[in-house]
Protein chains: 2
Amino acid sequence: MNTQTLILAILNFENASGYEIKKQSSEGAFSYFVDISYGSIYPTLAKLEADGLVIGRSETQNGRPDKKVFSITAKGRAEFIKTLMSPPAIDKFKSEFLLVAMCADLTSPEIITKAIDKRIGEMEELLKVIGGLRSDCDHPATQWITSYGLHVKGADLEFLKNNRDSLIAMAGQAVKLDEAAE
Amino acid sequence: MNTQTLILAILNFENASGYEIKKQSSEGAFSYFVDISYGSIYPTLAKLEADGLVIGRSETQNGRPDKKVFSITAKGRAEFIKTLMSPPAIDKFKSEFLLVAMCADLTSPEIITKAIDKRIGEMEELLKVIGGLRSDCDHPATQWITSYGLHVKGADLEFLKNNRDSLIAMAGQAVKLDEAAE
DNA sequence: TTCGATATATGTCGTATCGATATATATCAT
DNA sequence: ATGATATATATCGATACGACATATATCGAA
């Protein structure tokens, strides 16, 4: 899903500045399955405005820099809903942790312990975030996707906790085999 | 994790041509958490060879085009293991399905039914792939990550099947509310 | 009181990566 | 023999990331 559609989705949800769109995508309601960089947001917002899919209004604030708040137009909403109609692409998933875990025997127990404990911490944090999104919003579809997230990420954390020690026990085995061969 | 490290990881596992690296990353042992495009593979392989981290040898085949098989060097292996030592970055995850599900009320029951059934099919397919990887390889760390995948994706599929109908029931509600207001 | 840290806010720029396309060889079923 | 599929390498434009620059304002600490 391209940056344009993601921005339209966020603006269909509520009006926002570029900075607020970034927050929504990396900490807010969309953070669990979306992330957009500033390097994509500002140029795309300019293009979207040029095409009449969003309009921006400057707002002066007290105690903060001015901001430009964007809202979706009728044309933008039509375009967005049209995009929703096409079958969603398969999830994109990349995990450095799984690569490191797969190569556990090439490293040390210390490295693997740090990696899995870091992951357990991140997973607990993510569960808190999703739980927060869930209680903040009684919109049925949001309740559905947050229940989904809680279920899947809960199972994820459960596995990590139950199998932490067995992964650590595999660490450094390739090195030990080398030494035994000498 | 950059393309260079991903290629070193695959070549540390077994020798491969550019085409075979692509297969490993999108259908093989690494496909569950990695994906690399040809547009990254061939230029990176050339750079890796220029830097002495891999070496390539041309092989003629019968009944197939020639291929250039790459293998990792001692320098390449040292570089790869060094990279494994740094704490793994958080998973990257993007889901068009969750965006569509969150906007279920803006579309129709037909669209949502297709989207969730497509996802259920993909999830069943992924479980088969991970199960296959698991039975093909008795390497302990591979057993660990495939058990992890089976556990998490199993929980995912379970939720989808148990909550399919409730999501479909939410579809098109925004449109119905519009009509009721007229 | 000024220094550093943090938060808000917009924007750019080099680089990495994707996705589509081109090209070529060979097999196999229609 | 024609079209589809698989193997194999490579490039190129478009897209997106990640780091940096810049500016305003608050707040606690030196």
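Residue numbers run consecutively from 1 along every chain, following the written order of its sequence. By the order in which they are written, chains take letters starting at A while ligands take numbers starting at 1. Totals for whole chains, interfaces and linings use every residue, but because this is a predicted model, local features are given only for residues with pLDDT of at least 70 and side-chain atom pairs only at 80 or more, for both listing and counting. Side-chain numbers here rest on the full set of heavy atoms in the structure, without hydrogens or water.

> Is there a simple way to think about the pattern of salt bridges in this case?
Think of it this way: side chains of opposite charge can pair up when their charged atoms draw near. Residue and element names in this part refer to chain A. Every case where a carboxyl oxygen of Asp or Glu lies within 4 Å of a side-chain nitrogen of Lys or Arg is listed as a salt bridge. Per the stated rule, a full pass over the model turns up 19 salt bridges over all chains. As a salt-bridge pair, Lys 22 and Asp 35 come within 3.9 Å of each other at their nearest N and O atoms. Linking Lys 22 in helix 2 (residues 18-26) with Asp 35 in the loop between helix 2 and helix 3 (38-50), this pair joins segments that are 13 residues apart in sequence. Burial classification: accessible surface area is computed with a 1.4 Å probe over protein chains only, and a residue below 20% of its type maximum counts as buried, one above 50% as exposed, and the rest as partly exposed. Given a relative accessible area of 39%, Asp 35 falls into the partly exposed group. Secondary structure elements follow DSSP: runs of H or I no shorter than four residues count as helices, runs of E no shorter than two count as strands, and numbering proceeds from the N terminus.

> So what exactly am I meant to see when it comes to the relation of the copies chain B and chain A here?
Relating one copy of the chain to the other requires a rotation about an axis plus a shift along that axis. A residue counts toward the fit only if its pLDDT is at least 70 in both copies, and the copies are then superposed by least squares on the C-alpha atoms of those residues. Expressed as a screw transformation, the operator carrying chain B onto chain A has a rotation angle of 180° and an axial translation of 0.0 Å, and the superposed copies differ by an RMSD of 0.0 Å. The transformation just described matches what one would write down for a two-fold rotation axis. Relative to the rotation axis, the closest C-alpha in chain B is found at Phe 93 of chain B, a distance of 2.3 Å. The share of interface residues of chain B whose copies in chain A are also at the interface is 100%, consistent with both copies meeting through the same surface. For this analysis, residues touch if any pair of their heavy atoms sits within 4.5 Å.

> What am I meant to see in helix 4 (residues 74-85) of chain A here?
Side chains of residues three or four places apart in an α-helix project in the same direction, reflecting 3.6 residues per turn. Taking 1.5 Å per residue as the helical rise, helix 4 of chain A with its 12 residues ought to reach 16 Å, and the 17 Å between its terminal C-alpha atoms agrees with that figure. Residues of helix 4 of chain A that are buried include every one of Gly 76, Phe 80 and Leu 84 of chain A, and no others. Projected down its long axis, helix 4 of chain A shows its buried positions confined to an angular sector of 80°, all on one face. Away from its buried face by more than 90 degrees, helix 4 of chain A exposes Ala 74, Lys 75 and Lys 82 of chain A. Taken together, the buried residues of helix 4 of chain A touch helix 1 (3-13) and strand 2 (67-72) of chain A together with helix 5 (96-102) and helix 6 (109-136) of chain B. Every helix has an expected span of 1.5 Å times one less than the residues it contains. Note that the arc is defined by the directions from the helix axis to the C-beta atoms.

> I keep staring at the protein's contact with DNA strand C and nothing clicks. Help me out?
Residues are labelled near a given molecule or strand when at least one of their non-hydrogen atoms is within 4 Å of it. Around DNA strand C sit 24 residues, and of these Tyr 19, Gln 61, Lys 68 and Lys 94 of chain A together with Ser 40 of chain B come closest. Among the atoms of DNA strand C close to the protein, meaning within 4 Å, 64% are from sugar or phosphate groups. Here Tyr 19 of chain A contributes a side-chain N or O atom positioned 2.8 Å from a phosphate oxygen of DNA strand C. Pairing of N or O atoms within 3.5 Å defines a polar contact, subject to two protein rules: one partner must be a possible hydrogen donor and the other a possible acceptor, and residues neighboring in sequence count only if both atoms are side-chain atoms. The side chain of Ser 40 of chain B places a nitrogen or oxygen atom 3.0 Å from a phosphate oxygen of DNA strand C. Within the residue set of the surface near DNA strand C, elements represented by two or more residues are helix 2, helix 3, strand 2 and strand 3 (92-94) of chain A together with helix 3 (38-50) of chain B.

> Is there a simple way to explain the packing of helix 2 (residues 18-26) of chain B against helix 3 of chain B in this structure?
A pair of packed helices can be characterised by two numbers: the angle between their axes and the separation between those axes. Residues and elements named next belong to chain B. Across the interface, helix 2 lies against helix 3 with an axial gap of 10 Å and an inter-helix angle of 135°. When the axes of helix 2 and helix 3 are compared, the pair comes out oblique. Relative to helix 3, helix 2 is oriented so that their crossing is right-handed. Contacts between helix 2 and helix 3 involve Gly 18, Tyr 19, Ile 21 and Lys 22 on the former and, on the latter, Tyr 38, Ile 41, Tyr 42 and Leu 45. The nonpolar class holds Ala, Val, Leu, Ile, Met, Phe, Trp, Tyr, Cys and Pro. Asp, Glu, Lys and Arg form the charged class, and all remaining residues, Gly among them, are polar. Of the residues that constitute the contact of helix 2 with helix 3, the class distribution is six nonpolar, one polar and one charged. Axis definition: a line fit to C-alpha positions, over the contact stretch in the case of helices; interaxial angles, taken between N-to-C directions, run 0 to 180 degrees. Note on terminology: angles under 35 degrees are roughly parallel, angles over 145 are roughly antiparallel, angles of 65 to 115 are roughly perpendicular, and the others are oblique. A clockwise turn of the near helix away from the far one marks a right-handed crossing, whereas an anticlockwise turn of less than a right angle marks a left-handed crossing.

> I keep staring at the packing of aromatic side chains and nothing clicks. Help me out?
Here the distance between the centres and the angle between the planes together describe a pair of aromatic rings. By convention, a stacked pair of Phe, Tyr or Trp rings (six-membered ring in the case of Trp) has centres within 6.5 Å and planes under 30 degrees apart, an edge-to-face pair has planes over 60 apart, and any other such pair is tilted. A full pass over the atoms with the stated rule returns 18 aromatic pairs over all chains. Between Phe 30 of chain B and Phe 33 of chain B, the ring centres sit 6.2 Å apart and the planes meet at 55°, which makes this aromatic pair tilted. Phe 33 of chain B shares its class with Phe 30 of chain B; the two are buried. Above the ring of Tyr 38 of chain A, the side-chain terminus of Lys 22 of chain A is found at 5.8 Å from the ring centroid. Only lysine NZ and arginine CZ atoms are considered, and such an atom sits over a ring when it is within 6 Å of the ring centre and within 35 degrees of the ring normal. Taking NZ or CZ as reference, Lys 153 of chain A lies 5.5 Å from the ring centre of Phe 93 of chain B, over its face.

> How should the protein's contact with DNA strand D be read in this particular structure?
Lining the immediate surroundings of DNA strand D are 24 residues, of which Ser 40 of chain A together with Tyr 19, Gln 61, Lys 68 and Lys 94 of chain B lie closest. When the atoms of DNA strand D within 4 Å of the protein are sorted by group, sugar and phosphate make up 64%. Here a phosphate oxygen of DNA strand D sits 3.2 Å away from a polar atom, N or O, in the side chain of Ser 37 of chain A. One nitrogen or oxygen atom from the side chain of Lys 23 of chain B is found 3.1 Å from a phosphate oxygen belonging to DNA strand D. A breakdown of the residues in the surface near DNA strand D according to their chemical character gives five nonpolar, 10 polar and nine charged.

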